[in-house]
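Here is how the chains run, residue by residue.
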Amino acid sequence: MERRTTMPNRRLPAAAAFFAAALTAFAVLLWGLQVTSGAAYYAKSQRSIAQVETVPAARGKLLDRNGTILAQDQVTWSAVLAEDVEDQVVRRLKTLCQEEDVAWEGTGPIAGVAPRLLARVKEEGLAGVSFTPAVQRVGSGTLAPHVLGRVGQMSPEEWEVYQDRGYAMDETVGKDGAEGAFESYLHGTPGQKVLETDKDGRITGETNAVQPQAGRDVTLTLDRDLQAAAETALAGFLDRHPQATGGALVALDVRDGGVLAMVSQPGYDAASFSADYAALSQDEAHPLMNRAVQGLYAPGSTFKLVTAAAALEEGFLTPETQILDTGRYTYYKSPQPQCWLYRQEGKTHGLETVSEAIADSCNIFFYDAGRRVGIDMLGQYARALGLGEKTGIELAGEQAGVVAGPEYTASVGGTWYEGSVLSAAIGQENNRFTPLQLAHMVATLVGGGDRWQVHLLQKVAGEAPREKVRLGKVNLSPGNVAAIKEGMLAVTQSGSLAAAFQSLPVQVGAKTGSAQVDGEETSNAVLVCFAPYEDPEIALAVVVEQGGSGSSLGTVAAQVIQAYVQ
């Protein structure tokens, strides 16, 4: 048998040498990590406890039509000291506060930290001092609180809506007014920052992981100066007439339906809303209600403009038709209502055209015109001119109002009689409209019949200006409109409002009304007007609860028109 000789494997020594070298290198690495650099890595691990904080996003500004800021965010900072902050840090911080004129006694947080102080503290790296931002919405004080609205922490009910839009539960949202209506534009997207702290909670590093994205600025149709003038004018009237319980004023752009001014008084200060809420909510004067869009009032004789338009357009009258004021209207056995002049002085207006009847507010003329037109046609024209219809304004809570007629009377358990059309034709019965609708009616009437959607939004940053939207069109012949406008002009030139309007640089057309309220001794005062007479741009409506005669509001309207044209 042949005998084999086993040769030694030369690869085994090489493999052994490789593994030995690897083990040596690994041992050296462990030695370096655990012994040589162990203390450094341990210290770093103590500094690397990460916390993620939300960085609030700036809310977009609310601007008036001229770019004036109406509401914006204001960021304030508070300095917070760690419990174990060193004494020398406290002393240095106190010195910095003194140098920057920031009040601080050396203990507790520092509220209202100025940017310069914040920058100096960060530059000096004072350990144990951190800063917390707080965002406040700063508005225009008591200016237009019902229109601009307010912001606040969302409620559980609001969270049900906003969580689907990516909001965090603790975010601030617009509660009402323009802040609520344009929330989707104004609201920004919060960011995130990563804070590195040591085991004692002291911040050792900060990284902006996600930058916040600010909301977009929203330009409103409001004119701040005109708004201020309107508020001053209405407040002055209420001060002079203590029996009046409140009022509203609306000014619209005839050409596109934009809101130039909107006032509801009494009002409130949005900045102190939360603190004052208990008292505001129990106030019998209802300061939280926006009377301009939520208050429903009988229009009184201002409704005669609707009756005139319907009678003229439907051919029951022409601008030259004359109707004799007989003092008492006897067409029906009952009712037989009187003209106000006959009731007060035993006199009549004689033969009157529609223009003269508007100037004199002759009841007999409009009783007869309304009877000829009929209640159904009156209702159609009222709605076509914007009464009893929502205007489309973006504000929440707008009331639709009521146009008098058999259907509504039946719905409230009443009985409609054939002669009820007489009182409806002069703005009584169940006619109830908002001040905004009254201004809308005038704007539509003198604007040639185009009923533009009322709106507050003019432009959103980054988008084209909002285009006007036509809600309807009522066919009004120029001759008939001219006859109505002529009567309204006479009211301010030689009628009850002449003294208030004579000094204005433009001519104004107007109509007044007084509406008796059940249980009240003093009537509500109503006035509508437009200017300039030749080429209308602004339509105005003023209503004051228990304000008395509508003619008493002439000074209020004249002050607003003056502010508009100056």
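All values derive from a computational prediction rather than experimental measurement.

Focus on the sheet that holds strand β18 (residues 509–515)
Alright, step 1. Strands sit in the order β12-β11-β20-β19-β18 across an open sheet of 5 strands; the sheet is antiparallel. Each of the sheet's edge strands pairs with one partner strand only, and the pair in question is β12 (259–265) and β18. The mean inter-strand angle of the sheet, taken between neighbouring strand axes irrespective of direction, is 10 degrees.
Alright, step 2. Here strand β11 (residues 246–253) runs beside strand β20 (residues 538–545); their pairing, made up of 8 bridges, is antiparallel. Paired with Val250 across the bridge in β20 is Ala541.

As for the packing of aromatic side chains
Alright, step 1. Within the structure shown, the criterion is met by 9 aromatic pairs.
Alright, step 2. A ring pair is formed by Tyr329 and Tyr331, whose centres lie 6.4 Å apart and whose planes are at 20 degrees; its orientation type is stacked.
Alright, step 3. Using a relative accessible area of 7% as the deciding quantity, one classes Tyr329 as buried.
Alright, step 4. Arranged with centres 5.0 Å apart and planes meeting at 85 degrees, the rings of Tyr331 and Tyr332 form a pair that is edge-to-face.
Alright, step 5. Following the ring pairs from residue to residue traces out a cluster consisting of Tyr329, Tyr331, Tyr332 and Tyr367.
Alright, step 6. Of note, Arg371 hangs over the ring of Tyr331, and the distance from its end group to the ring centre comes to 3.8 Å.
Alright, step 7. Across from the ring centre of Tyr533, 5.1 Å away, lies the NZ or CZ of Lys485, which sits over that ring.

Some words on the nonpolar core
Alright, step 1. Counting 89 residues, the largest nonpolar core has Leu62, Leu220, Met262 and Ile484 as its most contacted members.
Alright, step 2. Sort the elements by how many residues they give to this core and helix α19 (residues 435–446) lands first, with 8 residues.
Alright, step 3. Of all hydrophobic cores here, the second largest spans 32 residues; its members include Leu226, Ala233, Leu249 and Leu260.

Looking at the pairing of β20
Alright, step 1. β20 sits mainly inside the fold: 8 of its 8 residues count as buried.
Alright, step 2. Sheet analysis places strand β19 (residues 524–531) next to β20, joined by 7 bridges and oriented antiparallel. Bridge pairing links Phe530 to Ala539 in β20.

Considering unusual backbone geometry
Alright, step 1. Cis geometry marks the peptide bond from Gln265 to Pro266; its omega dihedral reads 5 degrees.
Alright, step 2. Its location among the elements puts Pro266 in the loop between β12 and α10 (273–282).
Alright, step 3. With an omega of 5 degrees, the peptide bond running from Ser334 to Pro335 counts as cis.
Alright, step 4. As for its position among the elements, Pro335 is in the loop between β13 (323–325) and α13 (340–345).
Alright, step 5. The phi torsion at Asp101 lies on the positive side, around 60 degrees, for a residue other than glycine.
Alright, step 6. Assignment of secondary structure puts Asp101 in the loop between α3 (87–99) and β4 (110–113).
Alright, step 7. Judged by relative accessible area, which is 72%, Asp101 ranks as exposed.
Alright, step 8. The backbone of Ser361 sits at a positive phi, close to 55 degrees, despite the residue not being glycine.
Alright, step 9. Mapped onto the secondary structure, Ser361 falls in the loop between α14 (354–360) and α15 (363–373).

Some thoughts on the side chain of Ser264
Alright, step 1. Position of Ser264 among the secondary structure elements: in strand β12.
Alright, step 2. Polar contacts involving the side chain of Ser264 include one to the main-chain carbonyl oxygen of Met289, which spans 3.1 Å.
Alright, step 3. Within the local environment of Ser264, its side chain forms a polar contact with the backbone nitrogen of Arg291, the two atoms lying 2.9 Å apart.
Alright, step 4. Sequence-distant contacts of Ser264, defined by excluding residues within four places in its chain, comprise His146, Gly247, Ala248, Met289, Asn290, Arg291 and Ala292.

Some thoughts on the environment of Val542
Alright, step 1. Along the polypeptide, Val542 turns up in strand β20.
Alright, step 2. The exposure class assigned to Val542 is buried, which follows from its relative accessible area of 0%.
Alright, step 3. Not counting chain neighbours up to four residues away, the residues in contact with Val542 comprise Leu234, Ala248, Leu249, Ala525, Val526, Leu527, Leu553 and Val556.

So, the confidence of the model for the protein
Alright, step 1. Per-residue confidence for the protein gives a mean pLDDT of 88, with 90% of residues at or over 70.
Alright, step 2. Every residue in residues 1–8 scores below 50 in pLDDT, and together they form 0 contacts with partners more than four places removed in sequence or on other chains.

Reading the values: the criteria
Residues numbered from 1 in each chain as written. Predicted model: local features only at pLDDT ≥ 70, side-chain atom pairs only at ≥ 80, totals over all residues. Heavy atoms only, no water. Pairing = 2+ DSSP bridges. Helix = DSSP H or I, 4+ residues; strand = E, 2+ residues; numbered from the N terminus. Axes fitted to C-alpha atoms, helices over the stretch in contact; angles between N-to-C directions. Phe/Tyr/Trp six-rings, centres within 6.5 Å; stacked < 30°, edge-to-face > 60°. Buried < 20%, exposed > 50% of the residue type's maximum accessible area, 1.4 Å probe, protein only. Lys NZ or Arg CZ within 6 Å of the ring centre and 35° of its normal. Core = buried A, V, L, I, M, F, W, Y, C linked by side-chain atoms within 4.5 Å. Polar contact = N/O pair within 3.5 Å; in protein donor to acceptor, adjacent residues only side chain to side chain. Contact = heavy atoms within 4.5 Å. pLDDT = per-residue confidence, 0-100.

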